[in-house]
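This is what each chain is made of:
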Amino acid sequence: MTQEPMGIAIVGCGYVADSYRYCLKLHGDTLRLTGVYDRDAERLKAFAGYWKDQPYASLDALLADPACQIVLNLTDPHNHAAVTRAALAGGKHVYSEKPLGLSAQEAQELAGLADKAGLRLAGAPCNFLGESVQTAWAAVRAGVIGRVRLVYAELDDGMVHRANYASWISRSGRAWPARGEFETGCTYEHAGYALGALVAMFGPVRRVSAYSSLLIADKKTNPPLSNPAPDFSSGCLEFDGGIVARVTNSIVAPYDHRFRIVGEDGVIEISEIWDYGSSVVLRRASTGRLGRLIERRWPQFSGRRLKPVRPPLLKRGPGLPTMDFMRGVAELAAAISQRRACKLDAELAMHITEVTEMLQHPDRFAHPAVVASTCKPIEPEIWATGQ
Ligand SMILES: NC(=O)c1ccc[n+]([C@@H]2O[C@H](COP(=O)([O-])OP(=O)(O)OC[C@H]3O[C@@H](n4cnc5c(N)ncnc54)[C@H](O)[C@@H]3O)[C@@H](O)[C@H]2O)c1
C-alpha cells in the first residue's frame, strides 16, 4: 500500500535550512512541506520568498495546522529545547538538528516528554544513512578487514577564524552564524557526524576519556566573543568487543575529515565523513619494505576503492550540499507511517548528546588525571645556518 507524503514544517530558516530545503526534492514520495517559520521576520521573508514556500505567521499558527505532522527544528542549538518542547506540547512529532539539547539532562527531559505524549522525537545528523558510511559499514560487516580494533575519526575543520567566513552565505542569503558556532563549540556542532557512524557500526559507547580546550579565544569577531566554547577536543571511546575510537574535533588544526576503521586485516578509510559520495578505500598493511615505503610516502597508491553500495543520489557540483540532510526526516516519516522504530530515534539522539557533552565538557563528568612528575625545559639546538 502506498502512503501519502507526510506533512512537515520547518522552524528556523537559517543557514542550514537552505541545505535541507534543497534536498527536499529527493523525498517527494515521503515528505510534503506545509510551510516554514522563523521568528526573525526578515529571515522568514527571504527564505519563504527564495523557495516560494508558505510562511506561517507564528509558531502557534504552525502548531495549529493539522496538515503538519512533523516539526523540523532547525533553530540554533540554544533554541532547540524550547522549540522541541513547544512542538511536542502541540502534538507534533519532531526531527531536531543536533544537539538534541545543550546537555544530556535536557536531551533526556525532551525524550521523556515525547515518550509520555506518544510522539516521535528524532535527531540529526543522519550521515550514517549516507552511501559512503553504508559502504564502509557493509565491508566491516562482511569481515573485509577482520576484527575491528580501532577507529580514528577526525573532524578538524581548518583554522576557521582565519577564513573569510563573513563571505559564507546560504542560498537564501543567510550569513554563516559565526558567533553562534564559536559559542556553541565545534564539538557540539560536529562530533555527531562521527558518533552516529560509530554507534551504528559498533553499538553504544560504554566509556569516554576526553580532553577539551579553548586554544584561540579571539576568533576575529566584532565585538569579541563573550563566551567562546572549546575549539579543540579529543576523546577515546570504548565500545563492546574491545573496540576503541579516538574522535578529534577542532577549528584550529588543518582540515581533515577522515574516518579510518582499523581491523586486524586492513583499514577502511572514508576520506570525507560529510560527503555521501566520498571515496571509501580499503588498505592492507604492507609486509615488505617497498610496500611500507609506498604506504608512507604515497598513500594514494596503497589502497583499493570499494564499490559504493549504490551510487549517491545527490547531484554533485560546486555549491551543492554533499549530504542529503532530509534523509533522516524521510526515515522518521517512513517509520511513523509504517509504525516501526526509527533508525534515528530519541534514544540514539540522547546517547549521542551525552557522549558529545562528555567530549566537549569532560570536566563535568570526571576529573582529568593530574601528572605528578615534571621535567626541566630542553634547550633547542641552534645550528649556524638554521633558525
Ligand atoms: N551552519 C551549518 O553549516 C550547519 C550544518 C549542519 C547543521 N547545522 C545545525 O543546524 C542548526 C541551525 O544552524 P544554522 O547554522 O542554520 O543557524 P542559524 O542561526 O543560521 O539559523 C537558526 C535560525 O533559527 C531561528 N530561530 C531561533 N529560535 C527560534 C524560535 N524559537 N522560533 C523560530 N525561529 C527561531 C533564528 O532566527 C535563525 O534564523 C544548528 O543546530 C546547527 O548545529 C548547521
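Parameters at a glance
- Residues numbered from 1 in each chain as written.
- Predicted model: local features only at pLDDT ≥ 70, side-chain atom pairs only at ≥ 80, totals over all residues.
- Heavy atoms only, no water.
- Axes fitted to C-alpha atoms, helices over the stretch in contact; angles between N-to-C directions.
- Helix = DSSP H or I, 4+ residues; strand = E, 2+ residues; numbered from the N terminus.
- Parallel < 35°, antiparallel > 145°, perpendicular 65-115°, else oblique.
- Contact = heavy atoms within 4.5 Å.
- Near = heavy atom within 4 Å.
- Polar contact = N/O pair within 3.5 Å; in protein donor to acceptor, adjacent residues only side chain to side chain.
- Areas by Shrake-Rupley, 256 points an atom, 1.4 Å probe, with all protein chains shown as cover.
- Domains from an automatic or database assignment.
- Pairing = 2+ DSSP bridges.
- 1 Å grid on protein atoms, 1.4 Å probe; cavity = no way out; pocket = protein on both sides within 12 Å on 5 of 7 lines; lining within 4 Å.
- Points joined across faces, edges and corners; volume = space filled by probe spheres on them.
- Nonpolar A, V, L, I, M, F, W, Y, C, P; charged D, E, K, R; others polar.
- Buried area = accessible area lost by both parts, 1.4 Å probe.
- Salt bridge = Lys/Arg side-chain N within 4 Å of Asp/Glu carboxyl O.

Here helix α5 (residues 104-117) crosses helix α11 (residues 346-360) at 170°, and the two axes come no closer than 8 Å. Considering the angle they form, α5 stands roughly antiparallel to α11. Along the contact surface, α5 presents A104, A107, Q108 and A111, while α11 presents A346, M350, T353, E354 and E357.

For the ligand, the set of nearby residues contains 26 residues, the closest of which are V16, D38, K98, R174 and E189. A distance of 2.6 Å separates an oxygen atom of the ligand from a polar side-chain atom of D38. A distance of 3.4 Å separates a nitrogen atom of the ligand from a polar side-chain atom of N79. When isolated, the ligand has an accessible area of 830 Å², and the protein chains bury 89% of it. When residues of the shell around the ligand are traced back to their parent elements, those giving at least two are α4 (77-89) and α8 (186-202). It is α4 that provides the largest number of residues to the shell around the ligand, a total of four residues. There are two domains that each give the shell around the ligand at least three residues, and those are domain 1 (6-126 + 325-344) and domain 2 (128-321).

What follows concerns the sheet that holds strand β12 (residues 280-283). With respect to topology, eight strands assemble into an open sheet ordered β7-β8-β9-β6-β10-β11-β12-β13, the strand pairing being mixed. The open sheet is flanked by β7 (205-213) and β13 (303-305), the only strands paired with a single partner. Sheet twist, expressed as the mean angle between neighbouring strand axes with direction ignored, is 15°. In the sheet, strand β8 (residues 232-239) pairs with strand β9 (residues 243-250) via eight bridges, with the strands oriented antiparallel.

Okay, the layout of surface pockets next. To find leftover empty space, one rolls a probe the size of a water molecule over the atoms. Empty space within the second largest pocket amounts to approximately 390 Å³. The wall of the second largest pocket is formed by 18 residues, among which R260, V267, E269, R283 and E295 lie closest to the centre. Only β6 (148-156), β10 (259-263) and β11 (266-270) provide two or more residues apiece to the lining of the second largest pocket. A per-class count over the lining of the second largest pocket returns six nonpolar, four polar and eight charged.

As assigned here, the protein comprises domain 1 (6-126 + 325-344) and domain 2 (128-321). Taken over C-alpha atoms, the centre of domain 1 sits 26 Å from the centre of domain 2. Contact residues are listed per partner, giving 25 residues for domain 1 and 26 residues for domain 2. Here domain 1 meets domain 2 over a buried area of about 2200 Å², counting both sides, of which 64% is carbon and sulfur. When the buried area of domain 1 at its contact with domain 2 is split by residue, Y15, Y22 and R327 rank highest and sum to 33% of it. Our count for the contact surface shared by domain 1 and domain 2 stands at two salt bridges. Among the salt bridges present, the one from K98 reaches E189, with a minimum N-O distance of 3.6 Å. The interface formed by domain 1 and domain 2 contains ten residue pairs in polar contact (both at pLDDT 80 or more). Broken down by element, the residue count for the side of domain 1 that touches domain 2 peaks at five residues, all from helix α2 (residues 41-51). Its residues assigned to classes, the side of domain 1 that touches domain 2 shows 15 nonpolar, four polar and six charged.

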